[in-house]
Amino acid sequence: MSKRQSNREEIFTRILEAAEVEFGLKGYSGASLQHIADRANLPKPNIVYYFQSKANLYKQVLNQILMDWNDLFDQATIDDDPAVVLDAFIREKLALSFTNPRSSRIFAMEVIGGALHIGDYLKEDLVPWLASRVEVIQGWIDAGKMRSIDPTSLIFMIWATTQHYADFEAQILALTNKEALVEEDLKRIGDTVSSIVLTGVGLTLPN
């Protein structure tokens, strides 16, 4: 990688990170390219050069969130052990909710608001992604590796359960009388959610 390319990637990442913070704090309407540029310590023309508009930058932030969430499950195949894959997927999603709850809340607010900025992405990219993951789960079912269930509902359940710890963080902390969730909470919750999901579809982790 050339130095110029490395610098471009570094700037691109700085802008995305600054934009995620700004959108997380102020929402799409309240955020501005100038504030994002200030947070990234870059001139505003740099933001426009890389992303053209606030709408494009917002879409890129949302796309990155989805890529981070579903990266592990992207690699799953029919030949894999479903117990191992689903357990890892659950724990990875929970870890992201613990370490970066802002991402989940940005996405949740976008969808609650009618998915005005990512409607095309949901139809053109996420629909085929979901179909491919449903095909993998159905392949596990057909191969007798797990109990017959609705694959789509299983994926939605994992999304909902794991993202709950980000989207409703304030409620969880108040109800558990905690200032923050820590590593031992992550393990305890991961063990519980994984056990419930795996048992429900007739799976156990290998020893």
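Details of the structure are given in the entry above.
All of these numbers come straight from a predicted model, not from anything done at the bench.

Thresholds, definitions, all that
- Residues numbered from 1 in each chain as written.
- Predicted model: local features only at pLDDT ≥ 70, side-chain atom pairs only at ≥ 80, totals over all residues.
- Heavy atoms only, no water.
- Helix = DSSP H or I, 4+ residues; strand = E, 2+ residues; numbered from the N terminus.
- Buried < 20%, exposed > 50% of the residue type's maximum accessible area, 1.4 Å probe, protein only.
- Contact = heavy atoms within 4.5 Å.
- Areas by Shrake-Rupley, 256 points an atom, 1.4 Å probe, with all protein chains shown as cover.
- Lys, Arg positive; Asp, Glu negative; His and termini not counted.
- Charge placed at Lys NZ, Arg CZ, Asp CG, Glu CD.
- Salt bridge = Lys/Arg side-chain N within 4 Å of Asp/Glu carboxyl O.

A.B. asks: What is the right way to read the overall build of the chain from this model?
C.D. replies: Assigned secondary structure in the chain consists of 10 helices and zero strands. Across its three principal directions, the C-alpha atoms of the chain cover 55 × 40 × 35 Å. Burial statistics for the chain: of 207 residues in total, 40% are counted as buried. For the chain, long-range pairs separated by at least 24 residues make up 69% of all intrachain contacts whose partners lie at least 6 apart in sequence. For the chain, the computed accessible surface area is about 11500 Å², with 54% contributed by carbon and sulfur atoms. A gap of 7 Å separates the mean positions of the 20 positive and 28 negative side-chain charges of the chain.

A.B. asks: I would appreciate a short explanation of the pattern of salt bridges in the present structure.
C.D. replies: Opposite charge on two side chains permits them to pair, given that their charged atoms come into close proximity. The full count for this structure, using the stated rule, is nine salt bridges. Notably, a salt bridge pairs arginine 91 with aspartate 87, separated by 2.9 Å at the nearest N-O pair. Remark: aspartate 87 and arginine 91 occur in helix H5 (residues 82–99); sequence separation between them is four residues, near one turn of the helix. According to the relative accessible area criterion, arginine 91 is partly exposed, its value standing at 28%. For aspartate 87, a relative accessible area of 11% puts it in the buried group. Between lysine 187 and aspartate 191 there is a salt bridge, with the nearest N and O atoms lying 2.8 Å from each other. Remark: aspartate 191 and lysine 187 occur in helix H10 (residues 183–200); sequence separation between them is four residues, near one turn of the helix.

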